[in-house]
Amino acid sequence: MTNNILLVFQNPCLMPAIVGWVSSQIIKVLLNLLLLRHLDVTRFVGAGGMPSAHSAFVTALAASMGLNYGFDSAYFAIAAALATVVMYDAAGVRRAAGKQAAKINKIIKHLMEKRSGYQDTEKQLRELLGHTPLEVVAGALLGIIIAILWVL
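Reading the values: the criteria
Residues numbered from 1 in each chain as written. Predicted model: local features only at pLDDT ≥ 70, side-chain atom pairs only at ≥ 80, totals over all residues. Heavy atoms only, no water. Helix = DSSP H or I, 4+ residues; strand = E, 2+ residues; numbered from the N terminus. Buried < 20%, exposed > 50% of the residue type's maximum accessible area, 1.4 Å probe, protein only. Contact = heavy atoms within 4.5 Å. Areas by Shrake-Rupley, 256 points an atom, 1.4 Å probe, with all protein chains shown as cover. Expected span 1.5 Å × (residues − 1). Arc of directions from axis to C-beta. pLDDT = per-residue confidence, 0-100.

## So, the overall build of the protein
Phase 1 of the analysis: The secondary structure content of the protein amounts to 6 helices and 0 strands.
Phase 2 of the analysis: When the helices and strands of the protein are listed from N to C terminus, the series reads α-α-α-α-α-α.
Phase 3 of the analysis: Residue burial in the protein is summarised as follows: out of 152 residues, 32% are buried.
Phase 4 of the analysis: The contacts of the protein with a sequence gap of at least 6 include a subset with a gap of at least 24, amounting to 70%.
Phase 5 of the analysis: Accessible area of the protein: about 10,000 Å², with a carbon and sulfur share of 68%.

## Here we look at helix 4 (residues 74–91)
Phase 1 of the analysis: The end-to-end C-alpha separation of helix 4 is 26 Å, in line with the 26 Å expected for 18 residues at 1.5 Å each.
Phase 2 of the analysis: Looking at helix 4, one finds that the buried residues are A79, A83, M87 and A90. Angularly, the buried residues of helix 4 cover 65° about the axis, an arc narrow enough to put them on a single face. In this structure, helix 4 carries A74, I78, T84, V85 and Y88 as exposed residues pointing more than 90 degrees from its buried face.

## Brief notes about helix 2 (residues 14–36)
Phase 1 of the analysis: Under the 1.5 Å per step criterion, the end-to-end length of helix 2 is 33 Å for 23 residues, consistent within 8% with the ideal 33 Å.
Phase 2 of the analysis: Taken as a whole, helix 2 has its buried residues at M15, P16, A17, G20, S24, Q25, K28, V29 and N32.

## What to know about the confidence of the model for the protein
Phase 1 of the analysis: Per-residue pLDDT for the protein has a mean of 84; in total, 83% of the residues score no lower than 70.
Phase 2 of the analysis: No element of the protein has a lower mean pLDDT than helix 5 (residues 93–114), at 70, and none a higher one than helix 3 (residues 53–69), at 97.

Rendered as structure tokens:
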């Protein structure tokens, strides 16, 4: 059992994907620190931001599959299809949900300001859910670069 778990860390396709995700999350923390002069370690596990960790993960996986098994293999085709769906979702559906959350939070804040003495005990909706197209492309490039470096 223990040997099987350790084999996961030797997987030539999964490891670059994991490294892509971790690298992306570290970059988010560092960018936040450099640009906002604020260390926010929650950015390490949070969704959204530059670069997209989801994109880095799935493109590193797809590129690793292509580099290890051939870009004409079924493995690459499945991973590339998965990557396309994930990146479309990150820049489309999840980004739209984040924009809606921001509008809803703004409406609730406006209503609370009009009602004196009313306090909302609910947490605000999370607004940083998806990614801009640039964040998705940056994550995808990071994933591809990591896969190439891993295989070399």
